[in-house]
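Secondary and tertiary structure notes
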Amino acid sequence: MTDTPDASPAVASPRLTAALADAQARRERRGRRLLPVLWGTLVAIAVQSLHSTPAPGTAGKHLAVALVLAGCLLPLAAVASGLWRLATAVQCVVFCVLVDGFGFALGIVQPGSMSTLPPSVAVLTAFLLLRPLMAAVLSGVMMAGLVGAAVAGTDGGTENLLHQLLFSVVLALMAISLRQAGRSEERAELLLAQLEDAREAEAEAAALAERTRIAQDLHDVLAQTLSGLAVQVQAARRMARREQAGEELRELLDRTGKLVKEGLGDARRAVGALRGDRMPSLDRLPELIERYRVDLELDVTLSVTGPRRDLPTEAGLALYRGAQEALTNAVRYARDARTTVTLCYEPRATVLTVEDRRTGPGPAPAALAGGSGLGLTGMRERLAEAGGGVSAGPTPDGWKVRMEIPT
């Protein structure tokens, strides 16, 4: 069918795309409703032609009737059986011309046949499947042929012409009514989809405004507090150097300053995320590893295996934050261990592991897991929201965290 809905934007939302697909399926169903009409027309023409004079045969006028009858019935049978789909305007025009032309010829060679049906079916098909102007032009040409035949007295005269014209007009009006009802239904569904999109966009805008307000509050409270703490730590470091404090205290103050700096950066990134900025993802994993290696002096390496794939934003953020939490725990509880971060793109999942291996005498694996456990709980919750999972536990040489997001 060549009819298209009114609303077809260049970039459609998933909801609007689904509505357009439903509209297309509904138009195809309306087209299939024409098939029983074609079968009924075919049977009626065939039965009436077999009982008219001259009847179809193999010689003379009988052969001519048989050939013309076959030419009229074959297009009807091809479309009714699904062998010929009227998917384009050209195919529809060819079908209408064939049916009308052979029906017109059948009325000439066999005046007693039901020659009214073929042109009427052609008109119905044209107004159902073609654009209104094209359907009107094609129907006018076909009706002009019937008028010419009536004037020449070759197709049943004026009475038969009136029957054909009246029946064609009725079918054309019925087709126009069905088509307008279908278009109104499609337009209503598309407008409803656009309304839902507008409501969703409005809700997202309101949520973004609320997140922006929260981000501002977070910036005012947390970021400024961390900034003040960083200043105090810096002052404490200078005082420790001036008072010639012990090396151990100075190293502790240095590490504290770096942790405060990292926390301040994380706070700023969290504020940016609340404001709608780009979320950190696995693309920034090497940067994260390098920061822990240089700033926090953690012996950590990164290994990536398998062909890289793009992950949803929530999944990439969950793995990134999980790696960040695991590395923070390694800094706290396994600083003397060798930490290996492995990102593996498996066929059915993306797996990220962070494993600490002691290189010498050190605390028992259980001690490496000391703490409140809130970090691991948050990691599990974040991965669960992204459709993944996490497992963590001791190994013979240390501690291992395994995070997995199914493909």
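Residues numbered from 1 in each chain as written. Predicted model: local features only at pLDDT ≥ 70, side-chain atom pairs only at ≥ 80, totals over all residues. Heavy atoms only, no water.

**Quick notes on the environment of alanine 87**
Turning to its location among the elements, alanine 87 is positioned in the loop between helix 3 (60-80) and helix 4 (89-109). For alanine 87, a relative accessible area of 43% gives the class partly exposed. Considering only alpha carbons, one finds alanine 87 and leucine 129, 42 residues apart in sequence, at a separation of 8.9 Å. (Helix = DSSP H or I, 4+ residues; strand = E, 2+ residues; numbered from the N terminus. Buried < 20%, exposed > 50% of the residue type's maximum accessible area, 1.4 Å probe, protein only.)

**Details of the confidence of the model for the protein chain**
Within the protein chain, residue pLDDT values average 79, and 81% of them lie at 70 or more. Confidence drops under a pLDDT of 50 for residues 4-10, and excluding neighbours within four residues, the segment shows 13 contacts in the predicted structure. Note that residues 364-370 has pLDDT below 50 and, in this model, 13 contacts with residues that lie over four places away or in other chains. (pLDDT = per-residue confidence, 0-100. Contact = heavy atoms within 4.5 Å.)

**Things to note about the pattern of salt bridges**
All chains considered together, the criterion is met by eight salt bridges. Notably, a salt bridge pairs arginine 199 with glutamate 196, separated by 3.6 Å at the nearest N-O pair. A residue pair is termed a helical-turn pair when its members lie 3 or 4 positions apart in one helix, as arginine 199 and glutamate 196 do in helix 7 (residues 157-242) at three residues. Note on arginine 199: relative accessible area 49%, which makes it partly exposed. With a shortest N-O distance of 2.5 Å, aspartate 283 and arginine 308 are connected by a salt bridge. Here aspartate 283, found in the loop between helix 8 (247-274) and helix 9 (285-295), pairs with arginine 308, found in the loop between strand 1 (300-305) and helix 10 (313-333); they are 25 residues apart in sequence, far enough to count as distant. Taking relative accessible area as the criterion, aspartate 283 reaches 49% and is therefore assigned partly exposed. (Salt bridge = Lys/Arg side-chain N within 4 Å of Asp/Glu carboxyl O.)

**Structural notes on the environment of alanine 323**
Mapping alanine 323 onto the fold places it in helix 10. Separated by 78 residues in the primary sequence, alanine 323 and valine 401 place their C-alpha atoms 8.8 Å from one another.

**Comments concerning the pairing of strand 2 (residues 337-345)**
Along strand 2, the buried face is formed by Ala337, Thr339, Val341, Leu343 and Tyr345; none of Arg338, Thr340, Thr342 and Cys344, which line the opposite face, is buried. Note that the unit made of strand 1, helix 10 and strand 2 has a crossover that is left-handed. Pairing of strand 2 with strand 3 (residues 349-358), which is carried by nine bridges, proceeds in the antiparallel orientation. Looking across to strand 3, one finds that arginine 338 is bridged to arginine 357. A loop of three residues connects strand 2 with strand 3, the two strands running antiparallel in sequence. (Right-handed = clockwise from strand over helix to strand, strands pointing away. Pairing = 2+ DSSP bridges.)

**Thoughts on the side chain of aspartate 356**
Summarising the element assignment, aspartate 356 is placed in strand 3. An unpaired buried charge is present at aspartate 356: no salt bridge exists, and arginine 357, the closest side chain of opposite charge, is 8.9 Å distant. Within polar-contact distance, the side chain of aspartate 356 engages the side chain of threonine 339 at 3.0 Å. Ignoring sequence-local partners within four residues, the contact set of aspartate 356 consists of Ala330, Ala334, Ala337, Arg338, Thr339, Thr395, Asp397, Gly398 and Trp399. (Lys, Arg positive; Asp, Glu negative; His and termini not counted. Polar contact = N/O pair within 3.5 Å; in protein donor to acceptor, adjacent residues only side chain to side chain.)

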